[in-house]
Amino acid sequence: MKRAWGATVTDIIAVLDELGEATSAEVAAELKLDRMNVATIMSRMRRPGPVAPKRIYVMRYIHDHLGNRRYPRPVYALGDLEDAKKPRSDKSEVRRRYRQNLRKRMTGNSVFNLGLTRREYEAVLKAAR
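Notes on the structure follow. (Residues numbered from 1 in each chain as written. Predicted model: local features only at pLDDT ≥ 70, side-chain atom pairs only at ≥ 80, totals over all residues. Heavy atoms only, no water.)

## Regarding the overall build of the protein chain
Within the protein chain, the secondary structure is distributed over five helices and three strands. Listing each helix as α and each strand as β along the protein chain from the N terminus yields α-β-α-α-β-β-α-α. A compact globule built from 129 residues should have a C-alpha radius of gyration of about 14 Å, whereas the protein chain, at 22 Å, is more than 25% larger. Evaluated residue by residue, the protein chain yields a buried proportion of 23% over its 129 residues. Residue pairs at least 24 apart in sequence account for 45% of intrachain contacts in the protein chain once pairs closer than 6 positions are excluded. For the protein chain, the exposed surface amounts to about 9900 Å²; the carbon and sulfur share of it is 53%. A gap of 10 Å separates the mean positions of the 28 positive and 15 negative side-chain charges of the protein chain. (Helix = DSSP H or I, 4+ residues; strand = E, 2+ residues; numbered from the N terminus. Rg over C-alpha atoms; globule rule 2.2 N^0.38 Å. Buried < 20%, exposed > 50% of the residue type's maximum accessible area, 1.4 Å probe, protein only. Contact = heavy atoms within 4.5 Å. Areas by Shrake-Rupley, 256 points an atom, 1.4 Å probe, with all protein chains shown as cover. Lys, Arg positive; Asp, Glu negative; His and termini not counted. Charge placed at Lys NZ, Arg CZ, Asp CG, Glu CD.)

Right under this line is the structure:
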C-alpha cells in the first residue's frame, strides 16, 4: 500500500524529536524503511525549498564503518541552524591506515603469499613500512 504524501517527512520529524539527533541510517532503522530513501528525503529536508522551509540541519559528522567504508556521515537534528562543515580527508591518516592494514595482511601466513618469490614478498613488506 502506498503511503500518503508527506507521511515519511512527518515520521522523520517525530523520530528526530524523540531521539534528539541521529544519522539517516538510525532514522531508517527506527522507521523500518529503506536507508537510501530516508537519506534522500532527509537531504531534501535540510535545504529550504519553494514550498517548505529548512526543517533539519547537520549538527556534526561522525565516522561510521557501515559496509567497511570509512567516511564522514552527517548527524541530523531538528531546527533551522547553519550546517556543520564537512571535515576534509587527512591524506596522511588514510595512508597510515592503509599501510597498517597492509602490514597486517602481509605478516600473517596466507595462502596468497605462497605464490610470491622471496624478493617480491620482501618488496611488499618494505612498501608496507
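## Overview of the layout of surface pockets
Here the largest pocket defines a volume of roughly 410 Å³. Elements supplying a minimum of two residues to the lining of the largest pocket: α1 (7-19) and α3 (35-45). Its residues assigned to classes, the lining of the largest pocket shows ten nonpolar, three polar and three charged. Estimated volume of the second largest pocket: approximately 270 Å³. Mapped onto the lining of the second largest pocket, the elements with two or more residues apiece are α2 (24-31), α3, β2 (56-64) and β3 (71-78). Ranked by the residues each element gives to the lining of the second largest pocket, the list is headed by β3, at five residues. Considering only residue class, the lining of the second largest pocket consists of nine nonpolar, two polar and four charged. (1 Å grid on protein atoms, 1.4 Å probe; cavity = no way out; pocket = protein on both sides within 12 Å on 5 of 7 lines; lining within 4 Å. Points joined across faces, edges and corners; volume = space filled by probe spheres on them. Nonpolar A, V, L, I, M, F, W, Y, C, P; charged D, E, K, R; others polar.)

## A few points about the pattern of salt bridges
What the rule picks out here adds up to six salt bridges. Note that D83 is salt-bridged to R46, the shortest N-O span being 3.2 Å. Linking D83 in the loop between β3 and α4 (91-107) with R46 in the loop between α3 and β2, this pair joins segments that are 37 residues apart in sequence. Classification of R46 as partly exposed rests on a relative accessible area of 24%. (Salt bridge = Lys/Arg side-chain N within 4 Å of Asp/Glu carboxyl O.)

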